[in-house]
Amino acid sequence: TWHLKKIPQIVRERTFSLDSPKFEAKTKLELNSVCGIECQRKLPVPSLSDLKNLLSYETVFENGTRTLTEVNVLGAVLDSAANTTTRRPLRKKRQIYGTDSRFSIYDKRFMTNFPFNTAVKVSTGCSGILVSPKHVLTAAHCLHNGKDYVKGSKRLRVGLMKTKSRGNGRKRKGAKRSTSDGTPSFQWTRVKSTHIPKGWFKGVSGDIALDYDYAVLELKRPHKRKYMELGISPTIKMMPGSMIHFSGFDNDRSGQLVYRFCSISDESNDLFYQYCDAEPGSTGSGIYLRLKEPNKKKWKRKIIAVYSGHQWVDINGEQQDYNVAVRITPLKYAQICFWIHGNDENCTQG
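Let me sum up the structure you'll find in this document. Per chain, residue numbering runs from 1 following the sequence as it is written. Totals for whole chains, interfaces and linings use all residues, but because this is a predicted model, local features are given only for residues with pLDDT of at least 70 and pairs of side-chain atoms are given and counted only at 80 or more. To get the side-chain values, take all heavy atoms of the structure and skip hydrogens and water.

1. Focus on the pattern of salt bridges
Should a side-chain nitrogen of Lys or Arg be within 4 Å of a carboxyl oxygen of Asp or Glu, the pair is scored as a salt bridge. Evaluated as defined, the whole model comprises nine salt bridges. Salt-bridge contacts for Arg-14 lead to Glu-70; the nearest nitrogen and oxygen are separated by 2.9 Å. Linking Arg-14 in strand E1 (residues 9-18) with Glu-70 in strand E3 (residues 66-74), this pair joins segments that are 56 residues apart in sequence. Working definition: with a 1.4 Å probe on protein chains only, accessible area under 20% of the residue-type maximum means buried, over 50% means exposed, and in between means partly exposed. The partly exposed category is assigned to Glu-70, whose relative accessible area is 25%. Notably, a salt bridge pairs Glu-62 with Lys-220, separated by 3.3 Å at the nearest N-O pair. Taken together, the residues span a long stretch of sequence, with Glu-62 in the loop between strand E2 (57-61) and E3 and Lys-220 in the loop between strand E10 (215-219) and strand E11 (229-230) at a distance of 158 residues. Strands are runs of DSSP state E lasting at least two residues, helices are runs of H or I lasting at least four, and both sets are numbered from the N terminus onward.

2. Observations regarding the environment of Tyr-149
Here Tyr-149 shows up in the loop between strand E7 (135-138) and strand E8 (157-165). We classify Tyr-149 as buried; its relative accessible area is 2%. Tyr-149 sits 124 residues away from Ala-25 along the chain, and the two C-alpha atoms are 5.7 Å apart. Note on contacts: a residue pair is in contact if any heavy atoms of the two residues lie within 4.5 Å. Those residues in contact with Tyr-149 that sit more than four places away from it in its chain are Pro-21, Phe-23, Glu-24, Ala-25, Glu-58, Val-60, Arg-66, Leu-143, His-144, Ile-196 and Phe-201. In protein, a polar contact requires one atom able to donate a hydrogen and another able to accept it; more generally it is a pair of N or O atoms within 3.5 Å, and residues adjacent in sequence count only if both atoms are side-chain atoms. Separated by 2.6 Å, the side chains of Tyr-149 and Glu-58 make a polar contact.

Here you go:
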């Protein structure tokens, strides 16, 4: 069951202009030297002043201008066990773990309907998910490498799926009707503005913090498709079979929507560590669960994390790898909801 939680308040304190970004960084879909499982255990619990700094955010607009918004955080509960993880053995493998368990979605009845139609393609090479009629949730590193915005993010676009038909032009007399070949094409929409939390630029570890690898894109024009609501990420124990689901546009299956469901191996307060089969391109996908609504027989899917991708880290002096996702905690829910609605009135319960 989805458990309602009281959400902290993110309150805008002041906004001021920054110099325009250079937009010269290279898009990098694999990150090195980031804070991994062992590092997470050693991190201090963020103080209230840390949270105010980490949850302040940059906004980049379509014309290249940039602002920084400082925020206050009200009603946050600081968890002393925030960064503990369950100790389980790590496997030293690649993004595909054993037998490839991914499914390519070909049937347009599925591809163009909920929940698969909520998956979108970001023009920098990542995936994302629709979270409102005008907003897309994706990974921050698809847009920013921690120092500068990536080259393609200056004229950022989002591709919404549609199925293309074989043949072009008008149908000849007596010819058969065009049939869909099941390959998605995209209706591209310009991005009006981008929000990235300041925690992505410099986390409490003094390095790039995967805890804040998420961003929200505001589209220039609203769409009329069904989108997926945000949810608070439950612990592994509260998930049916510890299973998660997500769909994206993996690079090794060009032109295909790729779906997977898989189990989570480990967790910290902010991250899920898992061995979901994935390849670059699916980064930024929305991870979701299907649980029952409180006091109802109705089931509902909600986004509970953002897939950050395959990461290499040093663990006890040895290079290890895993696939990681950023959990939507009450604080992150409050921030993303604030970005979507522009106020915290619609973000009191999650």
